[in-house]
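Chains, contacts and geometry: an overview
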Amino acid sequence: MRGMENSTSKPDAAACPAGRGFTWPVRVYYEDTDAGGIVFYANYLKFFERARTEWLRACGVDQRRLAEETGVLFVVRSTALDYRLPARLDDVVTTVSRVEKLGRASVDFVQEAWRDGTLLVTGVIRVACVDGAAMRPAPIPPHVHEALQRGPQKDLHAVSTAVQ
């Protein structure tokens, strides 16, 4: 799960239904669009990746330190996306992430991309915990599992100075 490079504005509480999960805004840049001027379909995976990374940070999980201290990594095991409507250049897409299932060595996320109260894309993403050296499944470390069960504890605006 990589960091977020393209998030440049605060999420609008009215942009998606309240209580649906952890929200993270992503501004659509020219590089995100295709020849037709709409977001290239695969870029929603990048948007969702950034949102999951920020969700982990808000849970108090530092992935770099986790890898250094325990040798485990989180990797995407599977994805399924349903495209409803396109986003376009300069749109602010609000991503919503919630855990559907937390297992011993995996996390199933349901993620959505919204623009001004309109659902654009939904996704189901399974993230697996693996031993970084062997690239084999590994249990999520207990302290991380507990943090993921608790969910985000930090104020969204305190998570990253990139959001202004």
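Quick note: structure is the one above.
Residues numbered from 1 in each chain as written. Predicted model: local features only at pLDDT ≥ 70, side-chain atom pairs only at ≥ 80, totals over all residues. Heavy atoms only, no water.

**Structural notes on the side chain of Asn43**
Within the fold, Asn43 resides in helix H1 (residues 43-58). Asn43 sits in the buried class, given a relative accessible area of 7%. (Helix = DSSP H or I, 4+ residues; strand = E, 2+ residues; numbered from the N terminus. Buried < 20%, exposed > 50% of the residue type's maximum accessible area, 1.4 Å probe, protein only.)

**Details of unusual backbone geometry**
Notably, Asp116 is not glycine yet its phi reads approximately 50°, a positive angle. Positive phi is not limited to glycine here, since Met135 has a value of about 55°. Position of Met135 among the secondary structure elements: in the loop between strand S5 (118-131) and strand S6 (136-137).

**Side note on the packing of aromatic side chains**
Across all of its chains, the model carries 6 aromatic pairs by this definition. Geometrically, the ring pair formed by Phe22 and Trp24 is stacked, given 6.4 Å between the ring centres and 5° between the ring planes. The two residues Phe22 and Trp24 agree in class, both being buried. With centroids separated by 4.6 Å and ring planes inclined at 50°, the aromatic side chains of Phe40 and Tyr41 adopt a geometry described as tilted. Residue class for Phe40 comes out partly exposed when judged on its relative accessible area of 35%. By relative accessible area, Tyr41 is classed as exposed at 51%. Grouping aromatic residues by their ring pairs yields a cluster made of Phe40, Tyr41, Tyr44, Phe47 and Tyr83. (Phe/Tyr/Trp six-rings, centres within 6.5 Å; stacked < 30°, edge-to-face > 60°.)

**Quick word on the environment of Asp62**
Structurally, Asp62 can be placed in the loop between H1 and helix H2 (63-70). Given a relative accessible area of 38%, Asp62 falls into the partly exposed group. Note: C-alpha distance between Asp62 and Val144 (82 residues apart in sequence) is 9.7 Å. Of the polar contacts made by the side chain of Asp62, one reaches the backbone nitrogen of Arg64; its length is 3.0 Å. Within the local environment of Asp62, its side chain forms a polar contact with the backbone nitrogen of Arg65, the two atoms lying 3.0 Å apart. (Polar contact = N/O pair within 3.5 Å; in protein donor to acceptor, adjacent residues only side chain to side chain.)

**A closer look at H2**
N-capping of H2 is provided by Asp62, with a side-chain oxygen placed 3.0 Å from the backbone N of Arg64. Just downstream of H2, Gly71 is the residue with a positive phi angle, here 80°.

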